[in-house]
Amino acid sequence: MASTDVSTGDRPKQTSLAVAFGGASVALWFCCPFWMLVWLLALPLGLTGIVRGVIECRAASRHDTSRAQPRLGLTLSTVGAAAAVAYMIFVFTHPDLLIQD
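Procedures and definitions
- Residues numbered from 1 in each chain as written.
- Predicted model: local features only at pLDDT ≥ 70, side-chain atom pairs only at ≥ 80, totals over all residues.
- Heavy atoms only, no water.
- Helix = DSSP H or I, 4+ residues; strand = E, 2+ residues; numbered from the N terminus.
- Buried < 20%, exposed > 50% of the residue type's maximum accessible area, 1.4 Å probe, protein only.
- Core = buried A, V, L, I, M, F, W, Y, C linked by side-chain atoms within 4.5 Å.
- Contact = heavy atoms within 4.5 Å.
- Expected span 1.5 Å × (residues − 1).
- Bend = angle between axes of the 7 residues up to and from the residue.
- Phe/Tyr/Trp six-rings, centres within 6.5 Å; stacked < 30°, edge-to-face > 60°.
- Axes fitted to C-alpha atoms, helices over the stretch in contact; angles between N-to-C directions.
- Left-handed = near helix turned anticlockwise from the far one by under 90°.
- Nonpolar A, V, L, I, M, F, W, Y, C, P; charged D, E, K, R; others polar.

K.L.:
Sorry if this is basic, but what is going on with the environment of I55 here?
P.N.:
Mapping I55 onto the fold places it in helix α2 (residues 35-62). The partly exposed category is assigned to I55, whose relative accessible area is 44%.

K.L.:
Hey, could you run me through the nonpolar core in this one?
P.N.:
One broad rule of soluble globular proteins: the nonpolar side chains tend to lie buried together. One finds W29, V38, W39, A42, L43, A81, A84, Y87 and V91 forming the largest nonpolar core, which totals nine residues. The set of elements that each furnish at least two residues to this core consists of α2 and α3 (68-93). Apart from residues lying up to four places away in sequence, A81 is in contact with L43, G46, L47 and I50.

K.L.:
Sorry, what's going on with α2 here?
P.N.:
In a regular helix each residue adds 1.5 Å, so 28 residues correspond to 40 Å; α2 covers 39 Å between its end C-alpha atoms and thus fits that length. The sharpest bend along α2 measures roughly 25 degrees and falls at A42, with the proline P44 sitting one to four residues further on. When we look at burial in α2, the residues that qualify are V38, W39, A42, L43, G46, G49, G53, E56, C57 and A60. Its buried side turned inward, α2 meets α1 (17-31) and α3.

K.L.:
Looking at this model, I keep getting lost on the packing of aromatic side chains. Mind explaining?
P.N.:
Remark: the centre distance and the inter-plane angle together describe each pair of aromatic rings, the angle taken between the planes. In the structure shown here, the tally under the stated rule is four aromatic pairs. Here W29 and W35 contribute two aromatic rings whose centre-to-centre distance is 5.6 Å and whose plane-to-plane angle is 80 degrees, an arrangement assigned as edge-to-face. Taken together, a centroid distance of 6.1 Å and an interplanar angle of 65 degrees make the contact between W29 and Y87 edge-to-face. Taken as a pair, W29 in helix α1 and Y87 in helix α3 lie far apart in primary sequence, 58 residues in all.

K.L.:
How do you make sense of unusual backbone geometry when you look at a structure like this?
P.N.:
In most cases, non-glycine residues show a negative phi, while peptide bonds are predominantly trans. Backbone geometry at D64 places phi at a positive 55 degrees, although glycine is not the residue there. Relative to the helices and strands, D64 resides in the loop between α2 and α3.

K.L.:
Just checking my understanding: could you explain the packing of α2 against α3 for this structure?
P.N.:
Two measures define how a pair of helices packs: the angle their axes make with one another and the distance between the axes. In contact at an axis separation of 7 Å, α2 and α3 are set at 145 degrees when each is read in the N-to-C sense. In terms of crossing hand, the pair formed by α2 and α3 is left-handed. For the contact of α2 with α3, the class distribution of residues is 18 nonpolar, six polar and two charged.

K.L.:
What exactly am I supposed to notice about the packing of α1 against α3 here?
P.N.:
Close contact between α1 and α3 brings their axes to 7 Å; oriented N to C, the two are set at 35 degrees. Here α1 and α3 pass one another in a crossing that is left-handed. Note on element contacts: α3 touches α1 through Q69, L72, G73, L74, L76, S77, V79, G80, A83, A84 and Y87, opposite A18, V19, F21, G22, G23, S25, V26 and W29. Tallied by class, the residues present in the contact of α1 with α3 amount to 12 nonpolar, seven polar and no charged.

Right, dumping it as structure tokens:
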């Protein structure tokens, strides 16, 4: 008996998870004015997006598919995580800014 599952190659495009995590980490910096709270959320999102982007880039290279979305997600995640780390370093080196008289 022949299988009725015929692949036509018309798969719906999916957004990579790296793009979702990276976009969320960058969007937090632009949408929320409370940066003291934003870096606590943006750092884990950015790091998760970086890991996910590396995994998706490797999978795309093994399957000979486009690496545009994983690279975009990797870039967005790196920008979001780098901004969180830079802000964290700034806050920890200037503790007097947190306590204003």
